[in-house]
Amino acid sequence: MPRALQLDDLRRYAIARSLFAPTTLPRAIERLGFVQADPLRAPARAQDLTLRHRVSGYAAGELERRYPRLAIEEDFFVNYGFLPRRHLALMHPRTPRTVWDAARWKQAHEVLAFVQERGAVHPREVDAQFAHGKTRNWFGGSSNASTQLLDGMHYRGLLRVARRDAGVRVYTVAHGHEAPDDADVHARMDELLDLVIAKYAPLPAASLAQLASLLAGGVPQWRGERAAALARAKRRAARDRVGGVDWYWPSGENPASSRHGPLERVYLLAPFDPVAWDRRRFEQFWGWAYRFEAYTPAPKRRYGHYALPLLWRDEVIGWANAAVQAGRLQLECGYISGRAPREAAFRRALEEERSRMAGFLSVAD
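Every chain begins its residue count from 1, and numbering advances along the sequence as written. Since the coordinates come from a predicted model, pLDDT governs what is reported: local features require at least 70, and pairs of side-chain atoms require 80 or more to be given and counted, while whole-chain, interface and lining totals use all residues. With hydrogens and water set aside, each side-chain value is computed from the structure's full complement of heavy atoms.

### Looking at the overall build of the protein
Logical step 1: A run of H or I in DSSP counts as a helix once it spans at least four residues, and a run of E counts as a strand once it spans at least two, with each numbered from the N terminus. Along the backbone of the protein there are 13 helices and 14 strands.
Logical step 2: Values of the radius of gyration come from C-alpha atoms, whereas the globule rule sets the reference at 2.2 Å times the count of residues to the power 0.38. In summary, the protein has a C-alpha radius of gyration of 22 Å against a globular reference of 21 Å for 365 residues, a match within 12%.
Logical step 3: Dimensions along the principal axes, computed over C-alpha positions, put the protein at roughly 65 × 55 × 40 Å.
Logical step 4: Sequence-distant contacts in the protein: of pairs separated by 6 or more residues, those separated by 24 or more amount to 63%.
Logical step 5: All accessibility values rest on the Shrake-Rupley procedure with a 1.4 Å probe; residue burial counts only the protein chains present in the view. Only carbon and sulfur atoms are counted for the fraction: they give 50% of the accessible area of the protein, which is about 17300 Å². Any two residues whose heavy atoms approach within 4.5 Å at even a single point are treated as in contact.

This is the structure in structure tokens:
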């Protein structure tokens, strides 16, 4: 009789299935299914910090440099990020919750004609051509109205991101998306939720429900399908009850496999890395509450502006804040126990991770 599944099994399985052997950039994105993006660079953007563990020889900024040649899109899924083109097609044509009036659609069609004529446009070109003025953004500041309009056109599938120039999105006209029939909507929702489970598994039931709700941002037109799609996803997925919690993962995978043994290495993870993204699961696995504090006032921070979870073997034992000063990588580490492990193996592993990080940033160790 097989032994009962333990939380330790789930923790090792979560790490092993996400931190797979480094491969090529296209294959890594395909395997991840989605890479969450974030504009902060501390010391690199979140998408680069996620990919560096999973792509052989990866350098900061490589995704942005190679993006125009890859079969991927920059768009919204459960969060904003990068995903294979065919996954984006599952979410379109997208009908946003915010309805545009006739005047807004007139502006959009004028900009669309301008983009078609130019081929690809930077937001400042649109602003110079149309002088849309300023508008209040979601966090209370002031933004160019043209930028907000371009964002809305991108979300609606009228435009796509062709590339970035110095971090700014440059847009081109998007390919059309066929409207699915009702049966196809069910199939699309099933595929999207399977993608969610494959990326973030093993998932506690509450986290799976949270991600299904976040998916409403990618497919607001089908938000009424969420509950039924979540129920179908739970029936398709493998499940077990561990520690009083129902956990879900892709059918056919074995969380108790001996292949999921921990590696003798340190990983400094991005705040949005799949291993650390689910804060609920994080606390269940490692017994402490990691917080992303970039937008927390400095006096109230415990871990730091952009603390990177520090994974040693199969335990997240602390965090590190990384910065480049005078061309050299600086790491400030903190530990949940109050001190670093005393093992020589840990010190070597941390220095090796420091060296990998420096190489990724192209700075001195």
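Continuing now.
### A short note on unusual backbone geometry
Logical step 1: Here alanine 42 and proline 43 are connected by a cis peptide whose omega angle stands at 5°.
Logical step 2: One can find proline 43 in the loop between β1 (35-36) and α3 (46-51).
Logical step 3: A cis amide bond links alanine 201 with the next residue in sequence, proline 202, at an omega value of -5°.
Logical step 4: Tracing the backbone through its elements, the reader meets proline 202 in the loop between α9 (182-200) and β8 (203-204).
Logical step 5: One non-glycine residue, arginine 313, lies in positive phi territory at about 55°.
Logical step 6: Looking at where arginine 313 falls in the secondary structure, it is placed in the loop between β12 (308-312) and β13 (315-325).
Logical step 7: Of note in the backbone geometry, alanine 326 takes a positive phi value of approximately 55° without being a glycine.
Logical step 8: In this structure, alanine 326 sits in the loop between β13 and β14 (328-335).
Logical step 9: Taking relative accessible area as the criterion, alanine 326 reaches 85% and is therefore assigned exposed. Each residue is assigned to one of three classes by its accessible area relative to the maximum for its type, calculated with a 1.4 Å probe on protein chains only: buried under 20%, partly exposed between the two thresholds, exposed over 50%.

### Notes on the confidence of the model for the protein
Detailed reading of predicted coordinates is not advised where the pLDDT is low.
Logical step 1: pLDDT expresses how confident the predictor is about each individual residue, on a scale running from 0 to 100. Averaged over every residue, the pLDDT of the protein is 93; the share at 70 or more is 96%.
Logical step 2: Segment residues 134-142: pLDDT under 50, and 15 contacts once partners within four positions in sequence are set aside and those in other chains are kept.

### Observations concerning the environment of arginine 232
Logical step 1: Within the secondary structure, arginine 232 sits in helix α11 (residues 226-236).
Logical step 2: Take arginine 232: its relative accessible area is 18%, and that puts it in the buried class.
Logical step 3: Considered as a pair, arginine 232 and glycine 218 are 14 residues apart in the sequence and their alpha carbons are 19 Å apart.
Logical step 4: The contacts of arginine 232, once residues within four sequence positions are left out, are His186, Met189 and Asp190.

### Observations concerning α11
Logical step 1: Among the residues making up α11, those that are buried are Ala229, Leu230, Arg232 and Ala233. Angular distribution of buried residues about the axis of α11 spans 165°; they occupy a single face of the element.
Logical step 2: For α11, the elements touching its buried residues are α9 and α10 (205-214). Of all possible arcs, the one meant is that of the directions from the helix axis to the C-beta atoms.

### Section: the pairing of strand β10 (residues 245-249)
Logical step 1: Burial runs high along β10: five of the five residues are buried.
Logical step 2: What you see with β10 is no split at all: Val245, Trp247 and Trp249 on one side and Asp246 and Tyr248 on the other are buried throughout.
Logical step 3: In this description, strands pair whenever DSSP reports at least two bridges between them. Relative to β10, β8 is paired through two bridges, and the arrangement is antiparallel. From the neighbouring strand, leucine 203 faces β10, where its bridge partner is tyrosine 248.
Logical step 4: Summarising the sheet, strand β9 (residues 238-242) and β10 pair through five bridges and their orientation is antiparallel. Within the sheet, the bridge partner assigned to alanine 238 lies in β10 and is tryptophan 249.
Logical step 5: Between the antiparallel neighbours β9 and β10 lie two residues, among them glycine 243 with a positive phi of about 60°.

### Quick word on the packing of helix α7 (residues 123-130) against helix α8 (residues 145-155)
Logical step 1: Axes, fitted as lines to C-alpha atoms, cover a helix only where it is in contact. Angles between the N-to-C directions of the axes lie from 0 to 180 degrees. Packing of α7 against α8 brings their axes to within 9 Å, and their N-to-C directions diverge by 120°. Considering their axes alone, α7 and α8 lie oblique with respect to each other. The crossing of α7 and α8 is right-handed. Only Ser146, Thr147 and Leu150 of α8 make contact with α7, whose side of the interface consists of Pro123, Val126 and Asp127. Each angle gets one of four labels, with under 35 degrees taken as roughly parallel, over 145 as roughly antiparallel, 65 to 115 as roughly perpendicular, and the rest as oblique. In this scheme the handedness of a crossing depends on how the near helix is turned from the far one: anticlockwise by less than a right angle means left-handed, clockwise means right-handed.

### Structural notes on the nonpolar core
Logical step 1: If you look at the biggest cluster of nonpolar residues, it comprises 110 residues, and the most contacted ones within it are Leu51, Leu63, Phe77, Trp286 and Leu310.
Logical step 2: Among the elements that make up this core, the one with the highest residue count is α9 (eight residues).
Logical step 3: In this view, leucine 51 contacts Leu25, Ile29, Leu32, Val35, Tyr58 and Leu63; residues no more than four positions away in its chain are not counted. Put simply, a nonpolar core is a bunch of buried Ala, Val, Leu, Ile, Met, Phe, Trp, Tyr and Cys residues held in one set by side-chain atoms that sit within 4.5 Å of each other.

### Describing the side chain of glutamine 36
Logical step 1: By the element assignment, glutamine 36 lies in strand β1.
Logical step 2: Side-chain atoms alone can form a polar contact between residues adjacent in sequence; in general such a contact is a pair of N or O atoms within 3.5 Å, and within protein one must be able to donate a hydrogen while the other accepts it. A distance of 3.4 Å separates a polar atom in the side chain of glutamine 36 from a polar atom in the side chain of asparagine 79.
Logical step 3: Polar contacts involving the side chain of glutamine 36 include one to the side chain of tryptophan 277, which spans 3.2 Å.
Logical step 4: Every residue in contact with glutamine 36, bar those within four places of it in the chain, is listed here: Ala46, Gln47, Asn79, Tyr80, Gly81, Tyr200, Phe272 and Trp277.

### Overview of the pattern of salt bridges
Logical step 1: Salt bridge, as applied in this entry: a Lys or Arg side-chain nitrogen positioned within 4 Å of an Asp or Glu carboxyl oxygen. Scanning the model with the defined rule gives 29 salt bridges in all.
Logical step 2: Between glutamate 73 and arginine 85 there is a salt bridge, with the nearest N and O atoms lying 2.8 Å from each other. Taken as a pair, glutamate 73 in strand β2 (residues 72-76) and arginine 85 in helix α5 (residues 85-89) lie far apart in primary sequence, 12 residues in all.
Logical step 3: With a relative accessible area of 37%, arginine 85 lands in the partly exposed category.

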